[in-house]
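Each chain, letter by letter, is given below.
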Amino acid sequence: MTNAAMPRTSAYYVAGSTELATETPLTLKKLEARRILTKTSTRLVIALVGLPARGKSFVARKMDHYLNWSGVQCKIFNVGSYRRQAYANLHKSTSPNAYSERDQKGACDADFFDANNKAATTLREQVAEMALRDMLRWLDEVEDDDGDYSNHYGNTNSYRQNERIAIFDATNSTNKRRQWILEECTSPQKRQGKTTGVVFVESICDDKELLMENYNFKVSNSPDFEGMTFEASMEDLMKRVRKYEEQYETITDDSLSYIKVFNLSTKLLVNHIYGRIAKYLVPALMAWHIGSRPIYLVRPGETESGISTDGEDYVYHRSNSSIDTKDPQYLDMSTRTRKRIMRGDTLGPTGKKFKAELLEFLIDEVKNFLLRRASVQDQIDTGTSISGIEKVRYNYSPDDSNASEPEGFVDSWSFPLRVLTSTMPRALDTVRWNDTRNISITQMSNLNPLDKGDYVGMELEEIAEINPKFYQRLEADPYGTRFPGGECYSDLIRRLATIVIDMEQQVIPTLVVSHVSILQCLMAYFRNTPVESCMSIEVPMHTVIKFEPVRGGGFRETQHSFCGEPFLGRKESDDSNSLRTHQRNGSARSLPIWGDHI
């Protein structure tokens, strides 16, 4: 049909053209970069770029944390650590009699970063090459693993993805340095048969107030300022920054794959970013921020039947249960039907008590949150443009006449609490308060418990009897063994990735009501512990597990028990970066190896 004969109607503006799409030389040319960058590869280098105190190491830690939790093997290679070690060794060998505490830590003053300091420049180039060589060796270890892929937690599991991502944490502030990284990582001659991708992530900060806060944090924590007064540290850091600024070159080469992060995720600019980076990292980079807001994880309250369970695996019959398990009619039911009846979807007396106590706890928590912020402008529902969002003002103040009462929040005000629940009725019932506050509740099927497929409602003993071979695999690998027609814990991580990003991007208190298997995975993320071992994490009933962000990128955990439940959780930790180790309060109890147990 000729162009003149083609029908032209107003429907084109609604549905578009119905003509079959065909390739043209132009479209093939434009798609070539996307085709190359969406191929599956086993090695990727994320090279950070930026001046000192721009949040590079914060971004590196968040990426490392998130990617390892997602199942990708990830490791940070911090050139600053290599530099401090090399400088300490140099001092020890050249001045053994004048080896101060600063020298032991490899602390370097601003003159060390002067481009005209030839000796220091040579040392910095040497340590960068040392870090790069270690990084490439680690990436290439995948060739020798023969199907088992180890992460840096020391675990080895065949279900980990066959790929490694290395984060090269350094300033990488010149075009020359970045070209060197590309050459060493991607040259066919130097890396024959070892295809490696490189993505640059540049952290740019031009907000003066934010910069000063970053400077204050850096001089208070970096080993480079050990033994110096605050004033001397700030002066030295500012001098170092000026020396870097003299030679700094921002990324302008659009033939590279890069992401620019402005003022810690206020704005992102991406170029030639496709495939897994676009799918996983870009949304995460947009979500991460340095704001302080608590995140609460809870299980649904106890149900009406007196059964403490979150899924369909285990039930616990309490003495005050309304179900008579000796009743002949009950005994005639199939095991699966018994489980469904005993599970219950309506909160019982204890569950309702927890529901009421949870609301009182959250009201106090939100009051404290608002008091810390004094006067806050926020959005509960995130919009797509700043000009299209209605700003809600939370004017709670201790001077309010009703400040001591829950009703101190005027009915027309929005209650700054984001609530996410599974679609299970008992989860929604736990937060469906008969309250006048405008509390946003979102049901998400992603928060539903692990799907046991053909074995829904069965206990371990029943599974072992029905299918002993499957049960042996389940015992050997409870994280990676998928239930027939259902899921495994590894599958949960994939469906929880968007939930984690949703929680990370919130700027107000956030409550998640879900089930044991889901909360185990989420707690592994917030604790920054090996997700492959999350099945051993205890999630007590009628307990609020509270996580608060710390400056280094990790979270601090506290637990708050209600309804007389014993505290089976963990003590508060002051680790500034992550919560890898915790001390238990009370004796440990044996746990089922999988599922939404008691």
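Residues numbered from 1 in each chain as written. Predicted model: local features only at pLDDT ≥ 70, side-chain atom pairs only at ≥ 80, totals over all residues. Heavy atoms only, no water.

Draft legend 1. How the structure looks around empty space enclosed by the protein. With the rule as written, the count across this model stands at five cavities of 30 Å³ or more. By volume, the second largest cavity amounts to about 60 Å³. Considering the residues around the second largest cavity, the lining is formed by Phe-58, Val-59, Lys-62, Val-261, Leu-264, Ser-265, Leu-285 and Trp-288. (1 Å grid on protein atoms, 1.4 Å probe; cavity = no way out; pocket = protein on both sides within 12 Å on 5 of 7 lines; lining within 4 Å. Points joined across faces, edges and corners; volume = space filled by probe spheres on them.)

Draft legend 2. Focus on the packing of aromatic side chains. One pass over the full model with this rule turns up 16 aromatic pairs. On the numbers, 5.0 Å between centres and 65 degrees between planes, the contact of Tyr-87 with Phe-112 is edge-to-face. Linking Tyr-87 in helix α4 (residues 79-94) with Phe-112 in the loop between α5 (101-104) and α6 (118-140), this pair joins segments that are 25 residues apart in sequence. With a relative accessible area of 5%, Phe-112 lands in the buried category. Ring geometry for Phe-113 versus Tyr-244: centroids 5.7 Å apart, planes at 40 degrees, classification tilted. A residue pair is termed long-range when its members are at least 10 positions apart, and Phe-113 in the loop between α5 and α6 and Tyr-244 in helix α9 (residues 230-247) qualify at 131 residues. Neither residue differs from the other here; Phe-113 and Tyr-244 are each classed as buried. Among the aromatic residues, those joined into a ring-pair cluster are Tyr-66, Trp-69, Trp-288, Tyr-525, Phe-526, Phe-547 and Phe-555. The ring of Trp-138 has Arg-164 sitting right over it, with the charged end atom 4.6 Å from the ring centre. (Phe/Tyr/Trp six-rings, centres within 6.5 Å; stacked < 30°, edge-to-face > 60°. Helix = DSSP H or I, 4+ residues; strand = E, 2+ residues; numbered from the N terminus. Buried < 20%, exposed > 50% of the residue type's maximum accessible area, 1.4 Å probe, protein only. Lys NZ or Arg CZ within 6 Å of the ring centre and 35° of its normal.)

Draft legend 3. Molecular detail of the pattern of salt bridges. Per the counting criterion, the structure on display carries 24 salt bridges. Linking Arg-133 and Glu-129 is a salt bridge whose minimum nitrogen-to-oxygen distance equals 3.5 Å. Taken together, the residues span about one helical turn, with Arg-133 and Glu-129 both in helix α6 at a distance of four residues. Of the charged contacts in the structure, one is a salt bridge between Glu-487 and Arg-495, with a shortest N-O distance of 2.9 Å. Judged by relative accessible area, which is 16%, Glu-487 ranks as buried. Through salt bridges with shared partners, one network takes in Arg-43, Asp-140, Arg-191 and Lys-194. (Salt bridge = Lys/Arg side-chain N within 4 Å of Asp/Glu carboxyl O.)

Draft legend 4. Broad picture of the nonpolar core. Of all hydrophobic cores here, the largest spans 68 residues; its most connected members are Ile-46, Tyr-66, Leu-297, Met-503 and Leu-522. Setting aside its immediate chain neighbours within four residues, Ile-46 contacts Met-63, Ile-165, Ala-166, Ile-167, Phe-168, Val-199, Val-201 and Leu-281. Grouped together as the second largest cluster of nonpolar side chains are 35 residues, Tyr-82, Val-127, Leu-139 and Tyr-258 included. (Core = buried A, V, L, I, M, F, W, Y, C linked by side-chain atoms within 4.5 Å. Contact = heavy atoms within 4.5 Å.)

Draft legend 5. Looking closely at the confidence of the model for the protein. Overall, the prediction assigns the protein a mean pLDDT of 78, with 71% of residues at 70 or greater. For the protein, strand β3 (residues 149-150) is the element with the lowest average pLDDT, namely 38, and strand β9 (residues 295-298) is the one with the highest, namely 97. The low-confidence segment residues 144-158, where pLDDT is below 50, has 33 contacts with residues more than four positions distant or belonging to other chains. Low pLDDT (under 50) marks residues 395-412, which in the prediction has 31 contacts with non-local residues, meaning those over four places away or in another chain. (pLDDT = per-residue confidence, 0-100.)

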